[in-house]
Amino acid sequence: MSRLGALLARETALAWGRGGGPLVTLGFYAGVATLLPLAIGPEPARLAAIAPGAAWVGLALASLLSLDRLFERDYEDGALDHLALSPTPLELTCAVKCLAQWLATGAPLALAAPVAAIALGAPLSLAPLVFVCALIGGLAFAFTGGIGAALSLGARRGGLLTAVIVLPLFVPPVIFGGGALASYLSGLPWTSGLVLLGAYATAFVALGPLFMAAACRNALS
């Protein structure tokens, strides 16, 4: 456990310092929330109708910003070779990397999501559900994004390739999370969307590290 704790501390420190850490993603997210009213108009009714979906899509796009360096830095300086040869299974190492990514970027974005939604006109009563959906969705984004980051190791323009791989995997969380928020606002049953979002995140937390480890071994071979 001490080895895993040290690994998590290392990865969290790297994630906080990687490309500006959460400050870049939070800045991007704030930019989306600021520019959207300028693009569609300041009418409160129109903004309130799209606020949950806009906040959710902005969360997904902001999560992309730091994915390209998730494995690339360790791959370039040789640390990934040492991690692959360490007593800790590479699958577990990949899981810890994604967990650190979630702690460094997903959790701050989840805290910002209700603020952005309310600023765009969503009712205050929606804030807890926005936070929960963003927290679970951020976990899904981190582990699906890890697959794209591992598959693009060593490729030219790896960031673009990561986005191409990851964006289709981001679609189900956006649908489930956005559907839960829309159903809540409409007074319809919303728990099914939240359950599906949680199931999707759980599936990738369990299976994602297997694909990441296989991709990393392929890049190192």
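Structure shown above.
Since the structure is predicted, the reported quantities are computational estimates derived from the model, not experimental observations. (Residues numbered from 1 in each chain as written. Predicted model: local features only at pLDDT ≥ 70, side-chain atom pairs only at ≥ 80, totals over all residues. Heavy atoms only, no water.)

**Brief notes about the environment of Gly146**
Part 1 of the reasoning: If you trace the backbone, Gly146 turns up in helix α7 (residues 127-151).
Part 2 of the reasoning: Under the relative-accessibility criterion, Gly146 is labelled buried at 0%.
Part 3 of the reasoning: As for Gly146 and Met212, which are separated by 66 residues in sequence, their C-alpha atoms are 6.6 Å apart.
Part 4 of the reasoning: Gly146 has contacts with Leu70, Phe71, Cys98 and Met212, leaving out every residue within four places of it along the chain. (Helix = DSSP H or I, 4+ residues; strand = E, 2+ residues; numbered from the N terminus. Buried < 20%, exposed > 50% of the residue type's maximum accessible area, 1.4 Å probe, protein only. Contact = heavy atoms within 4.5 Å.)

**A closer look at the packing of aromatic side chains**
Part 1 of the reasoning: Across all of its chains, the model carries four aromatic pairs by this definition.
Part 2 of the reasoning: For the ring pair Tyr184 and Trp190, a centre distance of 5.9 Å and an interplane angle of 70° mean the geometry is edge-to-face.
Part 3 of the reasoning: We classify Trp190 as partly exposed; its relative accessible area is 28%.
Part 4 of the reasoning: Between Tyr200 and Phe204 the ring centres are 4.8 Å apart and the planes differ by 45°, which places this aromatic pair in the tilted class. Taken together, the positions of Tyr200 and Phe204, both in helix α9 (residues 191-220) and four residues apart, correspond to about one turn of that helix.
Part 5 of the reasoning: Accessibility expressed as a relative area gives 15% for Tyr200, which makes it buried.
Part 6 of the reasoning: Note on Phe204: relative accessible area 16%, which makes it buried.
Part 7 of the reasoning: A network of ring pairs unites the aromatic residues Phe176, Tyr200 and Phe204 as a single cluster. (Phe/Tyr/Trp six-rings, centres within 6.5 Å; stacked < 30°, edge-to-face > 60°.)

**Structural notes on a nonpolar patch on the surface**
Part 1 of the reasoning: Where nonpolar side chains cluster on the molecular surface, the patch consists of Val24, Phe28, Val57, Leu61, Leu65 and Leu167 and spans about 450 Å² of accessible area.
Part 2 of the reasoning: Among the secondary structure elements, those contributing two or more residues to the nonpolar patch are α2 (22-40) and α3 (44-63).
Part 3 of the reasoning: Note on placement: Val24 falls in helix α2. (Patch = residues over 30% accessible without salt bridge, like charges linked within 9 Å, V, L, I, M, F, W, Y side chains within 5 Å. Areas by Shrake-Rupley, 256 points an atom, 1.4 Å probe, with all protein chains shown as cover. Salt bridge = Lys/Arg side-chain N within 4 Å of Asp/Glu carboxyl O.)

**Points about the pattern of salt bridges**
Pairing between side chains becomes possible if they bear opposite charge and their charged atoms approach one another.
Part 1 of the reasoning: Here the structure, examined in full by the defined rule, presents three salt bridges.
Part 2 of the reasoning: Where Arg217 meets Glu91, a salt bridge forms, and the shortest distance between an N and an O atom there is 3.1 Å. Of the two residues, Arg217 is situated in helix α9 and Glu91 in helix α6 (residues 90-119); the sequence distance between them amounts to 126 residues.
Part 3 of the reasoning: Overall, the relative accessible area of 40% leaves Arg217 in the partly exposed class.
Part 4 of the reasoning: With a relative accessible area of 23%, Glu91 lands in the partly exposed category.
Part 5 of the reasoning: Salt bridges sharing common partners tie together Arg10, Asp74 and Lys97.

**Quick look at the environment of Leu4**
Part 1 of the reasoning: Summarising the element assignment, Leu4 is placed in helix α1 (residues 2-17).
Part 2 of the reasoning: Under the relative-accessibility criterion, Leu4 is labelled partly exposed at 25%.
Part 3 of the reasoning: Distance from Leu4 to Ala15, taken between C-alpha atoms, is 16 Å for residues 11 residues apart in sequence.
Part 4 of the reasoning: In this view, Leu4 contacts Thr88, Leu92 and Val96; residues no more than four positions away in its chain are not counted.

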